[in-house]
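The lines below spell out each chain.
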Amino acid sequence: MTTAENRAKAASLKARFEAAGAAPVDCAVLQPAEVLLDLYGEDVRTRAFVTSDPVRGEVMLRPDFTVPVVQMHMAEGAEPARYTYAGEVFRRQEDHPERAAEYFQVGYEVFDRESPAAADAEVFALFFETLKDYHLSPVTGDIGILTAAVQGLQTSEPRRAALMRHIWRPRRFRALLDRYAGRVPMPASRAALLSADNPLDGAGPMIGLRGEDEIRQRVDALRKDADTPALPSEQVSLIEALLKVSEACPFALEHLRDLAVDMPAISVAVEQFGARCDAMAERGVDVDTLAFDAGYGRSSMEYYDGFVFGFLNRQQPNWPAVATGGRYDALTRQLGQGKEIPAVGAVIRAGLLVDMDAGAGA
Ligand SMILES: N[C@@H](Cc1c[nH]c[nH+]1)C(=O)O
């Protein structure tokens, strides 16, 4: 692949999205890092190319278009809106040096209050149709069901907040769940610290940035946490069962409706999934064979809060998803200065399609 080929592919995909009704937009390559970087979450935060500008402070090479497009729409966009863009994004690839750190994305974003289920289906069906000549496997998920399940847990607010934060780090989430369920004993060093009359006794000289007050506050918070009753084991089993749901959409829906009987907190989100399935079927998507995996999307952009999906090349297990997207309602609230609007979108990595056109993993 050459940059020229990728650029041409990106341009033709963008023309297709324009024909589907999206207005073309562009975004600056240099974006304000201080304002925007946290919105992406940990993965991108550690992978963005950040540098400094003498006037604007910390800036980064855009790690995606969604965040700047939301910012632009919330500041000046009329509703409803559909946008498309094509351009390079930049992410460091320490863990996957074989992957490009600079690559073309072509995106389609929908801001529409009318019917979130219909907008989800519109975006998915457009990508499905655009990618139909490529041998790719679509997979869908729903971050909204997971967050609703965590919000519904009977535990302390700090524990719920910690689990919410770590939805994006599946191993850490698992370890926290085990700890909160009382399945793993407290490490001896932690037990000794919490039972000491004065935790700073014998601690040696003060080094580091935290003052004595902060250290005492943290120890107090840990003591409170240690007194929090264990998560009821039925609730832990329900979350575990939820995370294992991975089957074709109609079976997943049935399964999730069963779980919702004992986990009423997820009912609304599960019914939204049901409405999305209907809307996708209306658009001609074969929902009966479409994969749903409740854990899908847990290691991507932390701004997703509902539907998520990807198109994977199973012949190239080391490739990232060729297309990915999802719903990000809360992000519009965060950037909306008092306004918000339901929003969903996705991107195609044009260069990977060029590689497939050339026979790689086709
Ligand atoms: N910006 C996301 C893809 C996306 C577009 N719209 C919604 N999601 C990414 O780079 O992975």
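Residues numbered from 1 in each chain as written. Predicted model: local features only at pLDDT ≥ 70, side-chain atom pairs only at ≥ 80, totals over all residues. Heavy atoms only, no water.

## So, the overall build of the protein
Reasoning step 1: What the protein contains, in helices and strands, is 15 helices and 12 strands.
Reasoning step 2: Over its C-alpha trace the protein gives a radius of gyration of 23 Å, about what one expects of a compact globule, namely 21 Å for 362 residues.
Reasoning step 3: Considering only C-alpha atoms, the protein reaches an extent of 70 × 55 × 45 Å along its principal axes.
Reasoning step 4: Evaluated residue by residue, the protein yields a buried proportion of 48% over its 362 residues. (Helix = DSSP H or I, 4+ residues; strand = E, 2+ residues; numbered from the N terminus. Rg over C-alpha atoms; globule rule 2.2 N^0.38 Å. Buried < 20%, exposed > 50% of the residue type's maximum accessible area, 1.4 Å probe, protein only.)

## Observations concerning the pairing of strand β10 (residues 307-312)
A regular strand places its side chains on the two faces of the sheet in alternate fashion.
Reasoning step 1: When you tally the buried positions in β10, you get 5 out of 6 residues, the bulk of the element.
Reasoning step 2: Bridge analysis of strand β7 (residues 137-142) against β10 gives 6 bridges, and the strand direction is antiparallel. For P138, the partnering residue across the bridge sits in β10 and is F311.
Reasoning step 3: Pairing between β10 and strand β11 (residues 323-327): 4 bridges, direction antiparallel. Residue G310 lies in a different strand from β11, and its bridge partner there is T324. (Pairing = 2+ DSSP bridges.)

## Thoughts on the nonpolar core
Reasoning step 1: Grouped together as the largest cluster of nonpolar side chains are 107 residues, with contacts concentrated most on F111, F127, I145, L256, I266, F273 and F292.
Reasoning step 2: Counting residues per element, this core draws most heavily on helix α5 (residues 116-130), at 8 residues.
Reasoning step 3: Residue contacts for F111: discarding those within four places in its chain leaves V69, V70, H73, P80, A81, Y83, Y328, T332, I341, P342 and A343. (Core = buried A, V, L, I, M, F, W, Y, C linked by side-chain atoms within 4.5 Å. Contact = heavy atoms within 4.5 Å.)

## Topic: the side chain of R276
Reasoning step 1: With respect to the helices and strands, the residue R276 is situated in helix α13 (residues 267-282).
Reasoning step 2: Beyond its immediate sequence surroundings of up to four residues, R276 is in contact with A117, D120, G141, D142 and F307.

## Considering the UniProt feature "domain: Aminoacyl-transfer RNA synthetases class-II family profile" (unreviewed entry) in the protein
Reasoning step 1: Feature annotation in UniProt assigns "domain: Aminoacyl-transfer RNA synthetases class-II family profile" (unreviewed entry) to the following positions: residues 11-317.
Reasoning step 2: Taken end to end, residues 11-317 is 46% helix and 17% strand, and its two terminal C-alpha atoms sit 27 Å from one another. (UniProt positions renumbered as here; feature names shortened; annotations may be inferred.)

## Some thoughts on the sheet that holds strand β6 (residues 102-111)
Reasoning step 1: In space, the 9 strands of this open sheet follow the order β1-β5-β6-β12-β11-β10-β7-β9-β8, with mixed pairing throughout. The outermost strands of the open sheet, each flanked by one partner alone, are β1 (23-24) and β8 (246-248).
Reasoning step 2: Two strands pair when backbone bridges link them, and β6 and strand β12 (residues 343-349) are joined in this way by 7 bridges, in the antiparallel orientation. In the strand pairing of β12, V106 is matched with I348.

## A few points about the pattern of salt bridges
Reasoning step 1: As enumerated under the stated definition, the model contains 25 salt bridges in all.
Reasoning step 2: Here D43 makes a salt bridge to R47, at a shortest N to O gap of 2.9 Å. Linking D43 with R47, this pair stays in helix α3 (residues 42-47), spanning 4 residues, or about one helical turn.
Reasoning step 3: Judged by relative accessible area, D43 falls into the partly exposed class, the value being 34%. (Salt bridge = Lys/Arg side-chain N within 4 Å of Asp/Glu carboxyl O.)

## Description of the site of the ligand
Reasoning step 1: The local shell around the ligand holds 16 residues, among which D64, T66, R91, Q105 and Y304 are the closest.
Reasoning step 2: Taking A346, its main chain carries an N or O atom lying 3.2 Å from a nitrogen atom of the ligand.
Reasoning step 3: If the ligand stood free it would expose 300 Å²; the protein chains cover 96% of that surface.
Reasoning step 4: Because more than half of its atoms lie within 2 Å of the grid, the ligand is assigned to the largest pocket.
Reasoning step 5: The set of elements that each furnish at least two residues to the shell around the ligand consists of β6, β11 and β12.
Reasoning step 6: Partitioned by chemical class, the residues of the shell around the ligand number 7 nonpolar, 6 polar and 3 charged. (Near = heavy atom within 4 Å. Polar contact = N/O pair within 3.5 Å; in protein donor to acceptor, adjacent residues only side chain to side chain. Areas by Shrake-Rupley, 256 points an atom, 1.4 Å probe, with all protein chains shown as cover. 1 Å grid on protein atoms, 1.4 Å probe; cavity = no way out; pocket = protein on both sides within 12 Å on 5 of 7 lines; lining within 4 Å. Sits in = over half its atoms within 2 Å of the grid points. Nonpolar A, V, L, I, M, F, W, Y, C, P; charged D, E, K, R; others polar.)

## Some remarks on the layout of surface pockets
Reasoning step 1: As a volume, the largest pocket reaches approximately 1100 Å³.
Reasoning step 2: Surrounding the largest pocket, 46 residues form its lining, D43, R47, R91, S299 and S300 being those nearest its centre.
Reasoning step 3: Going through the elements one at a time, α3, β6, β10, β11 and β12 are the ones with two or more residues in the lining of the largest pocket.
Reasoning step 4: In terms of residue class, the lining of the largest pocket is built from 19 nonpolar, 13 polar and 14 charged. (Points joined across faces, edges and corners; volume = space filled by probe spheres on them.)

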